[in-house]
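Descriptive analysis of the structure
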Amino acid sequence: MAASSSVLIKLLVLVGCALAASAATTHTVGGSAGWSTGQTYDTWASGQTFAVGDKLVFNFAGGHTVTEVTKSDYEACSVSGNPISDTTTGPATIDLTSAGAHYYICTVAGHCTGGMKLAITVGSGSVSGTPPSTTPGSGTPPTTPSSSKPNGASASLQASAVAAAAAGVLVKLALF
Ligand SMILES: [Cu+2]
């Protein structure tokens, strides 16, 4: 009983981890095309659902930047003042930590106008699914821990050895 309830707890922990993992999504910007000129990231973004806790991965080897800017800078393909964030080494992973609109451009001359601009809207991401209401094991009576586990294990080992020997004898008998 004690063993089975601990197995149940482990299962619940595993399920919880799986749910947490599935809640956060890693979005590879542009898919296999990555972060480069000649893309239309609006099209890519329209097929994605972004939530707080998700990650953006900008795949590029170098020669580009991932620069988070204001909406007006995004629209103008320029950086007026300080960018919100600026990364020049790829691949770059950006954590989506706040809901709302986020704008990313490449600040290399001609690249933003060449397509390297991404606008996304991040949802609040409160995917707080209701926790399982069942309380497993609450109805099972407490059991005294069995102190004879090693003995039981060796006994079953001996039993299986005996069974194997018996099977061997049976096989020999059958052969004759
Ligand atoms: Cu670029």
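I will try to describe carefully the structure that is included in this document. Quick caveat: nothing in here was measured; it's all calculated off a predicted structure.

So, the overall build of the protein
- For the protein, the helix and strand inventory stands at four helices and eight strands.
- Overall, the protein shows an N-to-C arrangement of helices and strands of α-β-α-β-β-β-α-β-β-β-β-α.
- For the protein, long-range pairs separated by at least 24 residues make up 69% of all intrachain contacts whose partners lie at least 6 apart in sequence.
- Accessible surface, the protein as shown: approximately 11100 Å² in total, 63% of it carbon and sulfur.

Focus on the pattern of salt bridges
- Following the criterion strictly, the structure yields one salt bridge and no others.
- In this structure, K55 engages D95 in a salt bridge whose closest nitrogen and oxygen atoms are separated by 2.6 Å. Of the two residues, K55 sits in strand β3 (residues 55-58) while D95 sits in strand β6 (residues 92-95), which places them 40 residues apart along the sequence.

Some words on the nonpolar core
- Ranked by internal contacts, the top residues of the largest apolar core, which has 19 residues, are W35, L56, F58, Y104, L118 and I120.
- Those elements that provide at least two residues to this core are α2 (41-46), β3, β6 and β8 (117-123).
- Residues in contact with F58, not counting those within four places in the same chain, are V29, W35, V66, P91, A92, I94, Y104 and L118.
- Counting residues in hydrophobic clusters, the runner-up holds five residues, among them V69, Y74, Y103 and C112.

Examining the sheet that holds β8
- Strand order across the open sheet formed by five strands is β2-β8-β7-β4-β5, with mixed pairing between neighbours. Both outer strands of the open sheet, β2 (50-51) and β5 (85-87), are each paired with one neighbouring strand and no more.
- In the sheet, β2 pairs with β8 via two bridges, with the strands oriented parallel. Each bridged residue has a counterpart across the sheet, and for A51 the counterpart in β8 is G123.

Quick word on the coordination of the copper ion
- At the metal site, the copper ion is ligated by H64 (ND1), C106 (SG), H111 (ND1) and M116 (SD), and these contacts range over 2.0 to 2.8 Å.
- One way to put it: the four donor atoms around the copper ion meet at angles of 86 to 134 degrees, and that makes the site tetrahedral.
- Each donor residue of the copper ion lies on the same chain, and together they follow the pattern H-x41-C-x4-H-x4-M. With C106 in the loop between β7 (100-105) and β8 and M116 in the loop between β7 and β8, this pair connects stretches of sequence that are ten residues apart. You'll find C106 and M116 in the same group, each marked buried.

Focus on the state of the cysteines
- According to the stated counting rule, one finds one disulfide in the structure shown.
- Residue C77 pairs covalently with C112 via a disulfide, S to S 1.9 Å. Its S-S torsion of approximately -75 degrees makes the covalent link between C77 and C112 left-handed. A residue pair is termed long-range when its members are at least 10 positions apart, and C77 in the loop between α3 (71-76) and β5 and C112 in the loop between β7 and β8 qualify at 35 residues.

The rules behind these values
Residues numbered from 1 in each chain as written. Predicted model: local features only at pLDDT ≥ 70, side-chain atom pairs only at ≥ 80, totals over all residues. Heavy atoms only, no water. Helix = DSSP H or I, 4+ residues; strand = E, 2+ residues; numbered from the N terminus. Contact = heavy atoms within 4.5 Å. Areas by Shrake-Rupley, 256 points an atom, 1.4 Å probe, with all protein chains shown as cover. Salt bridge = Lys/Arg side-chain N within 4 Å of Asp/Glu carboxyl O. Core = buried A, V, L, I, M, F, W, Y, C linked by side-chain atoms within 4.5 Å. Buried < 20%, exposed > 50% of the residue type's maximum accessible area, 1.4 Å probe, protein only. Pairing = 2+ DSSP bridges. Donors = N, O, S within 2.8 Å, 3.2 Å for Na, K, Ca; no water. Tetrahedral: all angles 85-135°; square planar, octahedral: opposite > 155°, others 65-115°. Disulfide = S-S within 2.5 Å.

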